[in-house]
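# Working through the structure, step by step
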Amino acid sequence: MIGGGHAGCEAATASANMGAKTLLVTMDMNKIAQMSCNPAVGGINRSKGPAVWSPRAQCDRGKFIWKWRSVLDATPNLDIWQDQADELLVEEVECVAMASHCAPHSDLQVGEHTKQVVGVKTIWGAEIRAKAVIITAGTFLNGLMHIGRKMVPGGRIAEPAVPHFTESITRHGIRSARMKTGTPVRIDKRSIHFEDMERQDGENGYYKFSYLGEPRPLQQLPCWVCYTNPEVHQTLLSGLDDSPLYNGQIQSIGPRYCPSIETKLVTFPERPQHLLFLEPEGEDTNEMYLNGFSSSLPMDVQIEALKKIPALRDIKVYRPGYAIEYDFFDPTQLKHSLESKVISGLFMAGQVNGTTGYEEAGGQGTLAGINAALLVGSVCCDGIATHSTFELKRDEAYIGVLIDDLVTKGVDEPYRMFTSRAEYRILLRQDDADARLTEKAYELGIAKRDRYDWWIEKKEAIERIEEFCRTYAIKPKLVNGALEAAGSTPLVYGCKLEDLVARPELNFEKLQEIVPAFREVIEQLPNRKEEIAEAAEIHIKYKGYIERERMVAEKMHRLENIKIKGKFDYPNLTAISTEARQKLEKIQPETLAQASRIPGVSPSDINAMLVLLGR
């Protein structure tokens, strides 16, 4: 693993837990999993239905680093080497005697040559040999930071850029390009007038990312809200001529959904104010992060503008906001396993694939680590790796949507994962993530027995609730008074309890008051009653929608099973449009379903290909 960020840490632990001897190469062991931008994971969204609910955790940046460091240190098969990658080592390998057991998994024919990764060389001259290499270098590849007209090479503030490494990859035919991102000013909380801000406390409910650990161990700190104003805007606009985004200094594209404050002013000139969200960086620090004020304007302009906000009139800052440009690699050059189509054994994950965000990086890292471990565990007799892969479909996980979007559609701006990108988001709820993925993870070896046992216990408890609701008979005369009091229509005929659960105005909490026998069932649940009950309630209440979406997904699976790799000479395929020929030739999709998701490939093109396949 080249890089110790979120993608690198997830990749390293995944591969090591599967039994592969793993080495994580990082420039600074004291900044493992550094949260380079805001100190939070996840997103706030409980205003709509459960299909788009998303938990969020405010994090202590320093403790997050050392927690990850302790996880890495305690993981068997995993070593760390502090150094900087300088050159990717690649050899050309000939397939000389393909073993019969390898043939089903390889596109190679005997006598063909392929490029095979064999390791990396570092700036200190260490040559590290490996059967697989995962690049998770974040924003460090030829990173260039901007504050006003000042430019300094770097991968993150006060950390060096990585030169040369990109060039050692592109010389083998892999395409690279440039992207831009940014981060806001960091403020000393002792200089803030909190009395002029709106306090926002975090949620203290039972929602967590994992229910395996102890209750939240850290002190719960609030966030704070304030707004810009016309005077702030005037000061910021006065420095626009020195903005790298508008003076031609930066040519690359930044994230659409996390724009700089100067971009907001130019894009929405009619707005008198913009929301700013002040987040604590940790329990034991005065440093605070000003979400919504990402900027690469000159530092004096940033500070002068911020002092026009009443709550920040006396601010002291630790460092200004800055923009950073960096190299990424066109992700359409990757397989769904995140292995390169050009160099066997080379995987890429995180921002080097054109994404942005901790979660997007971590998800890619997990899949890359799994597939790298599968690769090194299965090498045929001539040294060429031929193996089965682990992939997640679009109806199985948001990771599946993310990776399919990347390798099928590519990117023209930093990619963020949103629920709106998933056509099967009713199937991808946060409450059933364990139902979708725990058994897969356990089979791979990345989920341990305690997690698997807890899932089985939870699964059986959910099934007991659903069975009770499906079979328990409701008599109108016993519940009609309570139903009317709850604002629900009284019953004319008897029904089953699940029919009442399906009513939008009723929930498990109300039904436990109306049906005492149901309350007894809930009270007999094992630990984490709220989590189990919620999962069962959602599954019952939205059963019709879930089943309908599952049927749609199953239809698409039929196209997923139609393999087309190597079956068409796209440049000469006159039955489809010119744009479709060009896109299909470039991406070389594995299946007809993947081809159908490529922008520019129409349903009529897919139908023509089906006819040509004889279907």
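Conventions and cut-offs
Within each chain, residues carry numbers counting from 1 in the order of the written sequence. Side-chain atom pairs in this predicted model are given and counted only at pLDDT of 80 or more, local residue features only at pLDDT of at least 70, and totals for whole chains, interfaces and linings cover all residues. Hydrogen atoms and water are omitted, and side-chain values are computed over all heavy atoms in the structure. Pairing of aromatic rings covers Phe, Tyr and Trp, the last through its six-membered ring, and needs centres within 6.5 Å; plane angles under 30 degrees mean stacked, over 60 mean edge-to-face, and all others mean tilted. Only DSSP runs of H or I with at least four residues qualify as helices, and only runs of E with at least two residues qualify as strands; both kinds are numbered from the N terminus onward. The classification of residues rests on relative accessible area computed with a 1.4 Å probe and restricted to protein chains. Under 20% of the type maximum is buried, over 50% is exposed, and intermediate values are partly exposed. As a reminder, the over-ring test applies to NZ of lysine and CZ of arginine, requiring each to be within 6 Å of the ring centre and within 35 degrees of the ring normal. Throughout, a contact is declared for two residues whenever any of their heavy atoms are within 4.5 Å. The salt bridge definition used is simple: a Lys or Arg side-chain nitrogen within 4 Å of an Asp or Glu carboxyl oxygen.

### Some thoughts on the packing of aromatic side chains
- If you walk through the whole model with that rule in mind, you get 8 aromatic pairs.
- Plain terms: the ring middles of Tyr257 and Phe418 are 4.6 Å apart, the flat faces sit at 70° to each other, and that makes the pair edge-to-face. One end of the pair, Tyr257, is in the loop between α4 (230-238) and α5 (261-267); the other, Phe418, is in the loop between α8 (398-409) and α9 (433-444), and 161 residues separate them in sequence.
- Seen in terms of ring centroids, Phe468 and Tyr472 are 4.8 Å apart; in terms of plane orientation they differ by 20°. Their pairing is stacked.
- Residue classification places Phe468 among the buried positions, given a relative accessible area of 18%.
- A relative accessible area of 29% means that Tyr472 is categorised as partly exposed.
- The cationic tip of Arg271 hangs over the ring face of Phe268; the distance from NZ or CZ to the ring centre is 4.2 Å.

### Focus: the environment of Ile426
- Checked against the element boundaries, Ile426 lands in the loop between α8 and α9.
- For the pair formed by Ile426 and Val52, sequence separation is 374 residues and the distance between their alpha carbons is 8.1 Å.
- Setting aside anything within four residues of it in sequence, one finds Ile426 in contact with Ala51, Tyr545, Ile546 and Glu549.

### Re the pattern of salt bridges
- For the coordinates displayed, the defined rule picks out 43 salt bridges.
- Salt-bridge contacts for Asp284 lead to Lys63; the nearest nitrogen and oxygen are separated by 2.7 Å. Placement of the pair is Asp284 in the loop between β14 (275-280) and β15 (287-294) and Lys63 in helix α2 (residues 61-73), with a sequence separation of 221 residues.
- For Asp432, the salt bridge goes to Arg429, with nearest N and O atoms at 3.6 Å.
- Using a relative accessible area of 12% as the deciding quantity, one classes Asp432 as buried.
- Relative accessible area serves as the criterion here: at 5%, Arg429 is assigned to the buried category.
- Here the residues in one salt-bridge network are Arg394, Asp404, Asp405, Lys409, Glu423, Glu560 and Arg597, joined through shared partners.

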